[in-house]
Amino acid sequence: MAVSDPRTATVPTLPAHADPDTGRVLDSGLLHELSHAFGGPFHFLLPHRFDAHLAAFRAALRDAGVEGRVYYAKKANKAAVWMERCAAHGAGVDVASAPELREALGHGVRGESIVVTGPAKSDELLRLAVLQGCLIAVDALDELDLLITLALTGGVRPARLLLRRLPPAQRHSRFGMDAAEVAAAMDRCVTAGDAVRMEGFSFHLSGYATRPRAALAAELVDLCLRARVLGLQADRISIGGGFAVDYSSAEDWHGFLADQRPEHYHARKAFRTGDFYPYHSPVAGADALRAVLAAVPEGGRAGLAARLRETGTLLMMEPGRALLDRAGASVFRVQGVKDRGGYRIVTVDGTSLSLSEQWFNSEYLPDPYLVTPAGRAGGSEIHPACVAGASCLESDLLTWRKVPFPARPRVGDLLVYPNTAGYQMDSNESPFHDLPLPPKVVLDRLDGRPRWRLDRRPAC
Ligand SMILES: Cc1ncc(COP(=O)(O)O)c(C=O)c1O
């Protein structure tokens, strides 16, 4: 969608879906108080959203009559509260490093509810995972050999494992094993005897399409049947993550893509539209799981759900972004405003390291809200401004695009980036310039005055 601007003809806009809970927080006055208290940027988290998404994924499994387990992909956000929610709801967690594993265990998630992914896992991670009874997604033959050695010599058996399949449709992926390697891995599991428990297969597909997921899942079910003939347990498959998040409406998204041009960005920065995250997705979250379960794999007679049921195969999934949809936002204070003729450069009190998309040849596109001490700014005028970080890096822009703000941003106003919990807020954060990492605030209660607490207590 484009709005007209008297100075620069049109300025594209991409509003996020309206979210009443986030709106309530924006209008509560709490954010200015917290900005004053912390003296820097911060993130707020809405854990009830995580609970609702988890319940929706489980309902999709239940409705399809499929036995399944949801594992939260921890890499998507470092907050402790998500581990706490997983522990409270008996959900699993997907970890990819020893510190992530320790975090999950430390917040009460049981080892048997943890799946360990990631390539070429360290000895430390594998040892800890075996000791805690975690399920390990083996990515390569040398990793399998190391794991078998650990299980044989460590005195703790069996090592629970999945074999990770390289998606044939994405053969340039660096993850997983091709058909020959998978066959060799199965033989090695047979030879290892009770040192290992080979529970099935896994994959992670890039992109968000549902049909390729269903097709590859059906192939993994076939692999399970072959493995069972060899005497292996092979009673589950993991289809990884990649359930899309729908940030904005179809009309706004397609209008934005059609309208945006380099002159709409600071320094005429040009992005390839193919590098943008697809900010609108007609099928997203738990509905994407429903679509995967209903899809009929090529050459098959029934949908994936029926195939899973008739073969007694349990379905695992590792959503990250989708469990965090609208479960958090990032808050920055305007620290300076510079006029550049036709638009302004707003400099905020943090950096683009708190908005990871900026570090992948891309831009986090949902419009930030301008929040004044009196609440969300409104008005019919257009005040285009890009948003820069308080660093000495020329390229440190939280938003290169000239966002059409409804009022002139002023020092002391807040910019709130919506829906940042999934991968945006903390994957790239670092204490650059000796700036402290932005704290995270958990909002457990929104009715009346929002009730807040720190996600982690400050270290003493
Ligand atoms: C093995 C694995 N599982 C789960 C995920 C989470 O994906 P998403 O956050 O898109 O659901 C990823 C993401 O790269 C992954 O590699």
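One numbering rule holds for all chains: residues counted from 1, following each sequence as written. Two thresholds apply to this predicted model, a pLDDT of at least 70 for residue-level local features and 80 or more for giving and counting side-chain atom pairs, whereas whole-chain, interface and lining totals are computed over all residues. The basis for the side-chain values is all heavy atoms of the structure; hydrogens and waters are excluded.

(A) Spatial organisation of the UniProt feature "domain: Orn/DAP/Arg decarboxylase 2 C-terminal" (unreviewed entry) in the chain. UniProt positions are given in the numbering used here, feature names are shortened, and annotations may be inferred rather than shown by experiment. Per the UniProt record, "domain: Orn/DAP/Arg decarboxylase 2 C-terminal" (unreviewed entry) is annotated on residues 325-420. A run of H or I in DSSP becomes a helix once it reaches four residues, and a run of E becomes a strand once it reaches two; helices and strands are each numbered from the N terminus. Overall, residues 325-420 shows 0% helix and 44% strand. The separation of its end C-alpha atoms is 8 Å.

(B) Broad picture of the side chain of Glu363. Turning to its location among the elements, Glu363 is positioned in the loop between β13 (344-348) and β14 (369-372). Of the side chains bearing the opposite charge, Arg401 lies closest to the buried Glu363, which forms no salt bridge; the N-O distance is 4.7 Å. For every residue, the accessible area (1.4 Å probe, protein chains only) is compared with the maximum for its type, and the residue is labelled buried under 20%, exposed over 50%, or partly exposed between those bounds. Counted as positive: Lys and Arg. Counted as negative: Asp and Glu. His and the chain ends are not counted at all. Any carboxyl oxygen of Asp or Glu that lies within 4 Å of a side-chain nitrogen of Lys or Arg is treated as forming a salt bridge with it.

(C) Just the packing of helix α7 (residues 141-153) against helix α8 (residues 179-192), in detail. Here, axes are lines fitted to C-alpha atoms. For helices the fit covers the stretch in contact, and angles between N-to-C directions go from 0 to 180 degrees. In contact at an axis separation of 10 Å, α7 and α8 are set at 10° when each is read in the N-to-C sense. Comparing the axis directions of α7 and α8 gives the class roughly parallel. Between α7 and α8, the residues in contact are Leu141, Leu144, Asp145 and Ile148 and Glu181, Ala184, Ala185, Arg188, Cys189 and Ala192, respectively. Each angle is binned into one of four classes, with values under 35 degrees roughly parallel, values over 145 roughly antiparallel, values of 65 to 115 roughly perpendicular, and all other values oblique. Any two residues whose heavy atoms approach within 4.5 Å at even a single point are treated as in contact.

(D) The arrangement of unusual backbone geometry in detail. Backbone geometry places Arg326, a non-glycine residue, at a positive phi of 55°. Phi is positive for Asn419, close to 55°, though the residue is something other than glycine. Within the secondary structure, Asn419 sits in the loop between β18 (414-417) and β19 (440-445). We classify Asn419 as buried; its relative accessible area is 8%.

(E) Representation of the environment of Glu181 within the structure. One can find Glu181 in helix α8. For Glu181, a relative accessible area of 31% gives the class partly exposed. Between the C-alpha atom of Glu181 and that of Leu166, which follows or precedes it by 15 residues, the distance is 9.6 Å. Residue contacts for Glu181: discarding those within four places in its chain leaves Leu141 and Gly176.

(F) Highlighting the site of the ligand. All residues in the neighbourhood of the ligand are listed as Ala73, Lys75, Asp94, Arg164, His204, Gly241, Gly242, Glu318, Pro319, Gly320, Arg321 and Tyr423. One nitrogen or oxygen atom from the side chain of Asp94 is found 3.2 Å from a nitrogen atom belonging to the ligand. Any N or O atom pair separated by 3.5 Å or less is treated as a polar contact, with the protein-specific requirement of one donor-capable and one acceptor-capable atom, and with residues adjacent in sequence counted only for side-chain atom pairs. Within the side chain of Glu318, one N or O atom sits 2.7 Å away from a nitrogen atom of the ligand. When the free accessible area of the ligand is taken as 400 Å², the share hidden by the protein chains comes to 84%. Residues are grouped as follows: Ala, Val, Leu, Ile, Met, Phe, Trp, Tyr, Cys and Pro are nonpolar; Asp, Glu, Lys and Arg are charged; every other residue, Gly included, is polar. Grouping the constituent residues of the shell around the ligand by class yields three nonpolar, four polar and five charged. We call a residue near a molecule or strand when any one of its heavy atoms sits within 4 Å of it. Using a 1.4 Å probe, the Shrake-Rupley method yields the accessible areas, and only the shown protein chains count as cover for residues.

(G) Structural detail: the pattern of salt bridges. One pass over the structure, following the stated rule, counts 31 salt bridges. Among the salt bridges present, the one from Glu310 reaches Arg307, with a minimum N-O distance of 3.2 Å. Of the two residues, Glu310 and Arg307 are both situated in helix α12 (residues 304-310); the distance of three residues between them amounts to about one turn of the helix. The partner of Arg326 in a salt bridge is Asp325, with the nearest N and O atoms 3.4 Å apart. Arg326 gets classed as partly exposed once you look at its relative accessible area, which sits at 29%. Of the residues examined, Asp325 reaches a relative accessible area of 10% and is grouped as buried. Each of Arg160, Arg197, Glu199, Asp235 and Arg236 takes part in one network of salt bridges that share partners.

(H) Representation of the sheet that holds strand β6 (residues 114-116). An order of β4-β5-β6-β7-β8-β9-β10-β11 is seen for the eight strands of this closed barrel, with the pairing classed as parallel. Neighbour-to-neighbour, the strand axes of this sheet turn through a mean angle of 30°, independent of strand direction. The pairing of strand β7 (residues 135-138) with strand β8 (residues 159-164) spans four bridges and is parallel. For Ala137, the partnering residue across the bridge sits in β8 and is Leu162. Pairs of strands are assigned from DSSP output, requiring at least two bridges between the strands.

(I) Representation of the nonpolar core within the structure. Judged by nonpolar contacts, the single largest core of 120 residues is most densely connected at Trp82, Met198, Phe201 and Leu315. Among the elements that line this core, the one with the most residues is helix α9 (residues 211-229), at nine residues. For every domain, the bounds stem from an assignment made automatically or drawn from a database. For this core, the two domains that each supply at least three residues are domain 1 (2-46 + 328-443) and domain 2 (47-246 + 281-324). The residues touching Leu315, leaving out its near neighbours within four places in the chain, are Leu61, Val66, Glu67, Gly68, Arg69, Ile237, Ile239, Leu289, Leu293 and Leu308. Here, the term nonpolar core denotes a set of buried Ala, Val, Leu, Ile, Met, Phe, Trp, Tyr and Cys residues that are joined through side-chain atoms within 4.5 Å.

(J) Fine view of the UniProt feature "domain: Orn/DAP/Arg decarboxylase 2 N-terminal" (unreviewed entry) in the chain. Under the feature "domain: Orn/DAP/Arg decarboxylase 2 N-terminal" (unreviewed entry), the UniProt entry names residues 55-252. A helix fraction of 43% and a strand fraction of 17% characterise residues 55-252, whose end C-alpha atoms lie 29 Å from each other.

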